[in-house]
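Next come the chains, spelled out residue by residue.
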Amino acid sequence: MNTVPMNTVPGTSDTSPGSSGVAHTASAHRGLTITWHQQHKKSLTTGERAADTLRNSMGSWRFVGGFVLFMILWAVANSYASGWDPYPFILLNLFLSMLAGLQGAILLISAKRQDAIAAALAQHDCDTNIAAKVDIEALLEINNRQLAMISDLRAILDRLDRPRPTPAND
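Analysis parameters
- Residues numbered from 1 in each chain as written.
- Predicted model: local features only at pLDDT ≥ 70, side-chain atom pairs only at ≥ 80, totals over all residues.
- Heavy atoms only, no water.
- Helix = DSSP H or I, 4+ residues; strand = E, 2+ residues; numbered from the N terminus.
- Contact = heavy atoms within 4.5 Å.
- Areas by Shrake-Rupley, 256 points an atom, 1.4 Å probe, with all protein chains shown as cover.
- Phe/Tyr/Trp six-rings, centres within 6.5 Å; stacked < 30°, edge-to-face > 60°.
- Buried < 20%, exposed > 50% of the residue type's maximum accessible area, 1.4 Å probe, protein only.
- Axes fitted to C-alpha atoms, helices over the stretch in contact; angles between N-to-C directions.
- Parallel < 35°, antiparallel > 145°, perpendicular 65-115°, else oblique.
- Left-handed = near helix turned anticlockwise from the far one by under 90°.
- Nonpolar A, V, L, I, M, F, W, Y, C, P; charged D, E, K, R; others polar.
- Polar contact = N/O pair within 3.5 Å; in protein donor to acceptor, adjacent residues only side chain to side chain.

Caption draft 1: Up close: the overall build of the chain. Tallying secondary structure elements over the chain gives four helices and zero strands in all. Mapped from its N terminus to its C terminus, the chain presents α and β elements in the order α-α-α-α. In the chain, 66% of the contacts between residues at least 6 apart in sequence involve partners at least 24 apart. Accessible surface, the chain: about 13,000 Å² in total, of which carbon and sulfur atoms supply 64%.

This is how it looks when you write it as structure tokens:
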């Protein structure tokens, strides 16, 4: 399993001088227990965490049910009791418009973050593939050297197995 360095910013790769930008092999990180996702969660700002939390809560059936219940209670309270927002509920419409505007912004923020995460994961996959390619090429080179040695050993064995001419007894 190949990994990218954990201290890189999501969506970027290590391009410092002397660095190949290629992920290191797992043998260099055997004790590594923090996943990319855990490291990424630690790097989130408060606003990013809030956007994710709001997106997750607004995109749930619990939110939809609670919101419908709130609107029914609002309508009942303002229709039958001494309401502060008489029909056609202009104040409720204002709140709904503000909520829709905020939801749109929050969803865009969250979608932008998800795009950044997808790009970072794609870069991680690319780095992993490049490191695997390097490892496979090294293994193929070792295999080719072993095949050459086996061929040399067969040639030596063939020379040793050939019958040697015996001196003639004249």
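Caption draft 2: Broad picture of the packing of aromatic side chains. Summed over the entire model, instances satisfying the criterion amount to four aromatic pairs. A centroid spacing of 5.7 Å and a plane angle of 55 degrees characterise the contact between F70 and W74, whose relative ring orientation is tilted. Separated by four residues within a single helix, F70 and W74 lie in helix α3 (residues 61-80), roughly one turn from each other. Given a relative accessible area of 41%, F70 falls into the partly exposed group.

Caption draft 3: Spatial organisation of the packing of helix α2 (residues 46-58) against helix α4 (residues 90-161). Closest axis-to-axis distance for the α2/α4 pair is 9 Å, and the angle between their directions is 115 degrees. Here α4 runs roughly perpendicular to α2, going by the angle between their axes. Note on packing geometry: the crossing formed by α2 with α4 is left-handed. Note on element contacts: α4 touches α2 through Q103, I106, L107, I109, S110, R113 and Q114, opposite E48, A51, D52, L54, R55 and M58. A breakdown of the residues in the contact of α2 with α4 according to their chemical character gives six nonpolar, three polar and four charged.

Caption draft 4: Representation of the environment of N78. Within the secondary structure, N78 sits in helix α3. The class for N78 is buried, based on a relative accessible area of 5%. On a C-alpha basis, the gap between N78 and P88 in space is 9.7 Å, while along the polypeptide they are 10 residues apart. Dropping the residues within four chain positions of it, N78 is found in contact with G83, W84, D85 and F89. Among the polar contacts made by the side chain of N78, one reaches the main-chain carbonyl oxygen of W74 at a distance of 2.9 Å. A polar contact of 2.8 Å, which involves the side chain of N78, links it to the backbone nitrogen of D85.

Caption draft 5: Quick look at the side chain of S110. Assignment of secondary structure puts S110 in helix α4. With a relative accessible area of 1%, S110 lands in the buried category.

Caption draft 6: The packing of α3 against α4, seen in detail. Interaxial distance between α3 and α4 falls to 11 Å at its minimum, and their mutual angle equals 160 degrees. As summarised for this structure, α3 and α4 are arranged roughly antiparallel, according to the angle between their axes. Judged by the sense of rotation from one axis to the other, the crossing of α3 with α4 is right-handed. Where α3 approaches α4, its residues F63, F67, F70, M71 and W74 are matched on the opposing element by L91, L92, F95, L96, L99 and Q103.

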